[in-house]
Amino acid sequence: MTVDTKLEIQSKRTRPWLQNTWYVAALSQEVGPEALFARTLLDTPVLIYRREENGEPVALHDRCPHRFAPLHRGWREGDDVVCMYHALRFDCTGTCNHNPHGKGKIPVLAQVRSFPLVERDGFIWIWMGDEPADMSALPDYGELVSGHPNSVGYTYMPVGANYQLITDNVMDLSHIDHVHGEIITTRGQLTPLIPQVALGERSVNARWEWSQQPAMMIFANFLPAPSEPARHFFDITWTPPGHIQLSVGATQEPRNALDLDHTIGQYDLHTVTPESIDRTHYFFATRRNHLEEDAEYNAQKIAGMHGAFQDEDVPLIESVQERMGTDDFFGLEPVLMSNDAAAAKVRRKLLEMLREEDQRLG
Amino acid sequence: MTVDTKLEIQSKRTRPWLQNTWYVAALSQEVGPEALFARTLLDTPVLIYRREENGEPVALHDRCPHRFAPLHRGWREGDDVVCMYHALRFDCTGTCNHNPHGKGKIPVLAQVRSFPLVERDGFIWIWMGDEPADMSALPDYGELVSGHPNSVGYTYMPVGANYQLITDNVMDLSHIDHVHGEIITTRGQLTPLIPQVALGERSVNARWEWSQQPAMMIFANFLPAPSEPARHFFDITWTPPGHIQLSVGATQEPRNALDLDHTIGQYDLHTVTPESIDRTHYFFATRRNHLEEDAEYNAQKIAGMHGAFQDEDVPLIESVQERMGTDDFFGLEPVLMSNDAAAAKVRRKLLEMLREEDQRLG
Amino acid sequence: MTVDTKLEIQSKRTRPWLQNTWYVAALSQEVGPEALFARTLLDTPVLIYRREENGEPVALHDRCPHRFAPLHRGWREGDDVVCMYHALRFDCTGTCNHNPHGKGKIPVLAQVRSFPLVERDGFIWIWMGDEPADMSALPDYGELVSGHPNSVGYTYMPVGANYQLITDNVMDLSHIDHVHGEIITTRGQLTPLIPQVALGERSVNARWEWSQQPAMMIFANFLPAPSEPARHFFDITWTPPGHIQLSVGATQEPRNALDLDHTIGQYDLHTVTPESIDRTHYFFATRRNHLEEDAEYNAQKIAGMHGAFQDEDVPLIESVQERMGTDDFFGLEPVLMSNDAAAAKVRRKLLEMLREEDQRLG
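Residues numbered from 1 in each chain as written. Chains lettered and ligands numbered in written order. Predicted model: local features only at pLDDT ≥ 70, side-chain atom pairs only at ≥ 80, totals over all residues.

1. Points about the overall build of chain A
Now for step 1: A count of helical and extended segments in chain A gives 6 helices and 18 strands.
Now for step 2: Over its C-alpha atoms chain A spans a radius of gyration of 22 Å, differing by no more than 12% from the 21 Å that the globule rule assigns to 362 residues.
Now for step 3: Structurally, chain A occupies a C-alpha span of about 80 × 55 × 35 Å along its principal axes.
Now for step 4: Per-residue burial over chain A gives 45% buried out of 362 residues.
Now for step 5: Contacts spanning at least 24 positions in sequence make up 58% of the contacts within chain A whose residues lie at least 6 apart. (Helix = DSSP H or I, 4+ residues; strand = E, 2+ residues; numbered from the N terminus. Rg over C-alpha atoms; globule rule 2.2 N^0.38 Å. Buried ≥ 20, exposed ≤ 12 C-beta atoms within 10 Å, placed from the backbone. Contact = placed C-beta atoms within 7 Å.)

2. A short note on helix α5 (residues 295-324) of chain C
All names here are of chain C.
Now for step 1: Between the first and last C-alpha of α5 there are 42 Å, a value that for 30 residues agrees with the 44 Å anticipated at 1.5 Å per step.
Now for step 2: The sharpest bend along α5 reaches about 35° and sits at D313, with the proline P315 one to four residues further on.
Now for step 3: By the burial criterion, the buried members of α5 are N298, K301, M305, A308, F309, D313, L316, I317, S319, V320, Q321 and M324.
Now for step 4: Those residues of α5 that are buried are in contact with β12 (152-159), α2 (163-171), α3 (175-179) and β18 (279-288).
Now for step 5: G325 occupies a position one or two residues after α5 and carries a positive phi of about 70°. (Expected span 1.5 Å × (residues − 1). Bend = angle between axes of the 7 residues up to and from the residue.)

3. What about the interface of chain B and chain A?
Now for step 1: At the junction of the two partners, chain B supplies 19 residues and chain A supplies 20 residues.
Now for step 2: The set of elements that each furnish at least two residues to the side of chain B that touches chain A consists of α3 (175-179) and α5 (295-324) of chain B.
Now for step 3: The greatest single-element share of the side of chain B that touches chain A, amounting to 5 residues, is contributed by α5(B).
Now for step 4: Class assignment for the residues of the side of chain B that touches chain A results in 10 nonpolar, 7 polar and 2 charged. (Nonpolar A, V, L, I, M, F, W, Y, C, P; charged D, E, K, R; others polar.)

4. Quick notes on the environment of P192(B)
Now for step 1: Relative to the helices and strands, P192(B) resides in the loop between α3 and β13 (196-199).
Now for step 2: The exposure class assigned to P192(B) is partly exposed, which follows from the 16 C-beta atoms found within 10 Å.
Now for step 3: Along the chain, P192(B) and T14(B) lie 178 residues apart, while their C-alpha atoms are 35 Å from each other.
Now for step 4: Sequence-distant contacts of P192(B), defined by excluding residues within four places in its chain, comprise P100(A) and G102(A).

5. Digging into the sheet that holds strand β16 (residues 243-251) of chain C
Residues and elements named next belong to chain C.
Now for step 1: With respect to topology, 7 strands assemble into an open sheet ordered β12-β18-β17-β16-β15-β14-β13, the strand pairing being antiparallel. The strands lining the two open edges of the sheet, one partner per strand, are β12 and β13 (196-199). For this sheet, the mean angle separating the axes of adjacent strands, direction not counted, is 15°.
Now for step 2: Examined bridge by bridge, strand β17 (residues 264-276) and β18 share 10 bridges and lie antiparallel to one another. (Pairing = 2+ DSSP bridges. Axes fitted to C-alpha atoms, helices over the stretch in contact; angles between N-to-C directions.)

6. Considering the relation of the copies chain B and chain C
Now for step 1: Least-squares fitting of chain B to chain C yields an RMSD of 0.1 Å, with the transformation described by 0.2 Å of translation along the axis and a rotation of 120°. With respect to symmetry, the two chain copies, as superposed, fit the operation of a three-fold axis. (Least-squares fit on C-alpha atoms with pLDDT ≥ 70 in both.)

7. Looking at the pairing of strand β2 (residues 37-41) of chain C
Residue and element names in this part refer to chain C.
Now for step 1: Direction of pairing for β2 relative to strand β3 (residues 44-50): antiparallel, over a ladder of 5 bridges. Counted as the bridge partner of T40 is P45 from β3.
Now for step 2: Where β2 hands over to β3, the hairpin turn is made up of 2 residues, of which L42 adopts a positive phi near 50°.

8. Examining the packing of helix α2 (residues 163-171) of chain B against helix α6 (residues 341-361) of chain B
Residue and element names in this part refer to chain B.
Now for step 1: The N-to-C vectors of α2 and α6 enclose an angle of 145°; their axes lie 8 Å apart at closest approach. The hand of the α2/α6 crossing is right-handed. Contacts from Q164, T167, D168 and M171 of α2 reach α6 at A342, A343, V346 and R347.
Now for step 2: Tallied by class, residues from the contact of α2 with α6 come to 4 nonpolar, 2 polar and 2 charged. (Left-handed = near helix turned anticlockwise from the far one by under 90°.)

9. Looking at the environment of H290(A)
Residues and elements named next belong to chain A.
Now for step 1: Turning to its location among the elements, H290 is positioned in the loop between β18 (279-288) and α5 (295-324).
Now for step 2: C-alpha of H290 to C-alpha of S227: the two residues are 63 residues apart in sequence and 18 Å apart in space.
Now for step 3: In contact with H290, not counting residues within four places along its chain, are F222 and I264.

10. What about the nonpolar core?
Now for step 1: A25(A), I126(A), A25(B), I126(B), A25(C) and I126(C) are the most contacted members of the largest nonpolar core, which totals 246 residues.
Now for step 2: When neighbours within four sequence positions are excluded, A25(A) is seen to be in contact with R39(A), L41(A), V46(A), I48(A), A59(A), L117(A), I124(A), W125(A), I126(A) and T273(A). (Core = buried A, V, L, I, M, F, W, Y, C linked by C-beta atoms within 7 Å.)

11. Topic: the packing of α2(B) against α5(B)
All names here are of chain B.
Now for step 1: It is the contact of α2 with α5, at a shortest axis distance of 10 Å, that shows an interaxial angle of 125°. Classified by the interaxial angle, the pair formed by α2 and α5 is oblique. With respect to the hand of their crossing, α2 and α5 are arranged in right-handed fashion. Across the interface between the two elements, L165, I166 and N169 from α2 touch D313, I317, V320 and Q321 from α5. (Parallel < 35°, antiparallel > 145°, perpendicular 65-115°, else oblique.)

12. A few points about the confidence of the model for chain A
Residues and elements named next belong to chain A.
Now for step 1: In this model, chain A carries an average pLDDT of 95, and 96% of its residues clear a pLDDT of 70 or more.
Now for step 2: Long-range and interchain partners of residues 1-11, a stretch whose pLDDT sits below 50, account for 14 contacts in this model, where long-range means more than four residues apart.
Now for step 3: Confidence estimates for the predicted assembly give a pTM of 0.94 and an ipTM of 0.93. (pLDDT = per-residue confidence, 0-100.)

13. Focus: the sheet that holds strand β18 (residues 279-288) of chain B
The strands that make up a sheet pair up through hydrogen bonds in the backbone, lying either parallel or antiparallel.
All names here are of chain B.
Now for step 1: The 7 strands lie next to each other as β12-β18-β17-β16-β15-β14-β13, forming an open sheet whose pairing is antiparallel. The sheet terminates laterally at β12 (152-159) and β13, the two strands that pair on one side only. For this sheet, the mean angle separating the axes of adjacent strands, direction not counted, is 15°.
Now for step 2: Pairing between β13 and strand β14 (residues 204-212): 4 bridges, direction antiparallel. Residue Q196 lies in a different strand from β14, and its bridge partner there is R207.
Now for step 3: Those strands touched by α5 are β12 and β18, and its axis lies near 20° from that of β12.
Now for step 4: Against the sheet, α6 makes contact with β13, β14 and β15 (230-239), and its axis sits at roughly 165° relative to β14, the strand it touches most.

What follows is the structure in structure tokens.
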């Protein structure tokens, strides 16, 4: 029995995703001040809305416990939400605080499940597990919002594929050589490299350094000689359940260190939240360290990045899902190569955590 | 173990609907004199057409026993129907009476199942069970057709939800306060009421009496003072499998009894026939006791009622179906309240009958 | 237990189709010289493309063994195909011959399954079984290409039905009397006939001879007296898995033999390849023995035949599939008649072969 076969057997024992962890539920910009915003996360319909006073978001199971109407079809009364079907009213914690029927007795069980939410770094983070929300586990991507507001952009894509196919894609950046068009192509330079992969207790890091001519188009015009060669780096760190922080930059100064302090570059976050076993919410944010105040360029930049992912990655990943027909990757006995080192380590690390959570939850 | 849990367990033992009972297959007006009308009822495709001489409708399994083509794609020869694929001809009872192939021998087994039909009160009623049709069980809604022909209207809606969600909706009329727009709104007056619920041997009755200002818009203009308050009543009676007779009326005369003889009102029938576990045929008829001869008003009235159901009830009920993801209502442990008394009694009565039929059929 | 019931039980033991046999994968004209042509056959995605030098087609499993991207989304390099995701390159036999990643070591298991293909008679034939391709079993329809190139036409239709419903349809040509419109109608003359059916070791033949007035419209204008009666014949031979060679002709010369040498007629092939249990690739070719050099008439003729099948047979067959809801024909206890003799013999012969293959493969 090979290691992969063992992993496959173990994978069949686990739930399809971690429960007790922080996922992104929505971009901050997706949820307007008065909206009743609905999205299905981990096979569970969720309603998100903002308190009137301070805009703080709250999340409830998007299903009335009375006759199961979606609460997002109802209406707001202050910070409460009223079910459109029979006007049961729930407060921000999901407790029924008004029953207009009969004598108005509030049924003891008229309680909607609420989910811990935190809004930070341009995202609304949600904890959907049964264990208490672990605030110390909330990821910190404060870099995204540490500069001028016009230096950062956010976008969202629904994808018809298992969430791990998206993390596979980002963890193996050699695909950029082949899949992507002019604006972010790495011109074949990543593929020959064997990335440096480092395993943390609960993280996987990978790093590539290379030169290309011209530089990546998103950076070239900010370099002294746009058509000349430039040194580049990618540095990415996965943490569970599916957050990948990616830094990338380019320089034409031979002595510069390859980091965001010494290159024209950007600090990105790719993060995925399962909608179901074969549908995923894909969120992306990018903050650049150049032309930081230019709102028009900022809008163009995020639209360009969105276009590259939407037109080039998404159809490919969806076609992989279709060809696989399962989420059991190791069960299909993939041929793994040097470029898969980081992605495979992420899958194995996640499997470990899934087994661990399964054992803990019994 | 709670009562609901017990009911849930029992519900898992029953078929999803009663078999030996009368359902509405179609509105009379849906089946033209020459039509081969097809509709799937209780997961069974059914062909309905009318005899030439007297227009009497007949129903056959809509599937040729030879090579399983749908008979409704064929053609009529007098009162017979001919399969389009190989021209086997069947009479009104489903017996093959002509085989044009070879020597023309009629295969003994070339018999299509026929279903007892009765046309009454503007509906075509069908008996799909294996037990003999019980004529004494045929419901009588003769009130619908006891007045001027222009006083009654009929309509039909396909709904993407289990049939019991529609009976739930009608049995709890408090939803009108919240779900419906101007033409039939009850202006919040029903919700505080606890309806009077009466259980019969094979029926559930509920009654509401209230005042509102102005009256329900479908009645206000026929009252002496359209913008003034009026007393109203609803009186509804469910009988199996899913027929709900609803009477509603309004009066501004303080001494009048709240019944259709003493109010401006209407006598309605809501009735549902499962297409499948999660699709339902919803039929509705309404006969008013005012402006009875006005054809134009009649057409406007039924169109308005259809619009209210189609635009306001149907999307809501379909969203409940989607959120439930099952027909096992009690299994989801609903929080039931005073307004659910009649609807819950209907579900329990139906469960009893389903268990009874299961035991009888073995 | 009846014979049909026995067959039903046996049918439940077999795979849904033969594996070790030749199917048509595509029409020659469907696969251009530079195309990466994709089609799912027997539930397996297949890539077909042509060698540069001689146009010889090759077939590979359309799924990269690395990360399961469809190979047809990639690109060609000479006779190799390169995966679009990570640029693994495979030769015509499916062997990986270039890995651009890291040190370029080619993984031992980086092998795509290839399928034996033969291009003959205007079709690309594929062998998808695990046993060695049996060249002696390749069907010979050389008649199709033995005349002027403008005398033969080919067409293709995807059908939403099990493949055996299409062979049923062709094996029982009495359906033409009822299903088809003017261009190929047999005017009710086939139905009274009992076809002569002959069973070979691995074939079923059926023959009809009849007169009609006027002749079939595809032939009438080539006969001496287009509106007068003419003698016709159909002669069809099924061989596994689903090839039906059909000859048809008409003559007004009383002494002429009813064969293609002595009638105005055509030599056709109907052949089906399962895509899945309920979807089928339906291929058709026809070569006429008259007006052989007329390219415009040839184009009209194949378009007319395509139209007749597409508009008249396909919707009917799909409605039969829908009404059956299964591929277990005998399990539905069909009423079989004299016109079914050939079609039923084909189903039984195929069942025998399926059982035989099951036993052989264990």
